[in-house]
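# Survey of secondary and tertiary structure
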Amino acid sequence: LYSAEDLKTVMTILVWLNKGVSIGKVKPLLKKPQAISTGSLWDQLSSELLEISESLNQNKLESHLKQLSREYPSDLFVSKLIKPWLAKLHDMDRADSQVIQHFSQNILKQLLQQWIGSTSSKRCAVICCGELHELEIPLLRYELQDMDVRSIDLGLLKPLQLGLAVDRLQVDFILVCLGAGL
């Protein structure tokens, strides 16, 4: 089905994506390989998000997040961009850092809710046990959507509560997220 050359091309594409090169910029690199300083691409993108967050410009932040979500696969978008950006927001040392953090996280939550509305064939219930960051479950559900899985967040449950509902949930599988404090 696939030649060694096809597999090599796929691996090259994955390497570029992991380095932070957006999907739209990979094709020209395949035709004419060139050296790109990629060590800081993810840092550069998360710094841009932080700068937009600090401006408290809702339209610009929404637009930029939407654009980036289209340019990268969901797993890279979350792990290489969103989580580092959230960490930078958390580590800010400014008088208005709490305002910036809540502003940015709420915009991200709203966008995630829009993106999660899937009509996938596979269904999943997501529960958490222990303490998780408030955006962990929405980010996980966003990644599940990319795998053609529709999910419902059941929140923080005790194992006994899940046992009482498992037969009525009508899902294909249950995903349990383990947090701190277990």
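Look up: the structure comes first, before these words.
Residues numbered from 1 in each chain as written. Predicted model: local features only at pLDDT ≥ 70, side-chain atom pairs only at ≥ 80, totals over all residues. Heavy atoms only, no water.

### Regarding helix α7 (residues 136-146)
The complete set of buried residues in α7 reads Ile-137, Pro-138, Leu-139, Arg-141, Tyr-142 and Leu-144. Looking at the residues trailing α7, positive phi occurs at Asp-148, about 65°. (Buried < 20%, exposed > 50% of the residue type's maximum accessible area, 1.4 Å probe, protein only. Helix = DSSP H or I, 4+ residues; strand = E, 2+ residues; numbered from the N terminus.)

### Describing the packing of helix α6 (residues 97-116) against α7
Two elements in contact, α6 and α7, have axes whose closest approach is 9 Å; the angle formed by their N-to-C orientations is 30°. The orientation of α6 with respect to α7, classified from their angle, is roughly parallel. Both α6 and α7 take part in a crossing whose hand is left-handed. Across the interface between the two elements, Leu-112, Gln-113, Trp-115 and Ile-116 of α6 pack against Pro-138, Leu-139, Arg-141, Tyr-142 and Gln-145 of α7. Counted by class, the contact of α6 with α7 contains six nonpolar, two polar and one charged residues. (Axes fitted to C-alpha atoms, helices over the stretch in contact; angles between N-to-C directions. Parallel < 35°, antiparallel > 145°, perpendicular 65-115°, else oblique. Left-handed = near helix turned anticlockwise from the far one by under 90°. Contact = heavy atoms within 4.5 Å. Nonpolar A, V, L, I, M, F, W, Y, C, P; charged D, E, K, R; others polar.)

### Concerning the packing of aromatic side chains
What characterises a pair of aromatic rings is the spacing of the ring centres plus the angle enclosed by the ring planes. Following the criterion strictly, the structure yields four aromatic pairs and no others. A ring pair is formed by Trp-42 and Tyr-72, whose centres lie 4.9 Å apart and whose planes are at 50°; its orientation type is tilted. Here Trp-42 is found in helix α3 (residues 41-55), whereas its partner Tyr-72 is found in the loop between α4 (58-71) and α5 (74-91), with 30 residues between them in sequence. Neither Trp-42 nor Tyr-72 differs from the other in exposure class; each is buried. Ring centres of Trp-115 and Tyr-142 lie 5.2 Å apart, and the angle between their planes is 45°; on these two criteria the pair is classed as tilted. (Phe/Tyr/Trp six-rings, centres within 6.5 Å; stacked < 30°, edge-to-face > 60°.)

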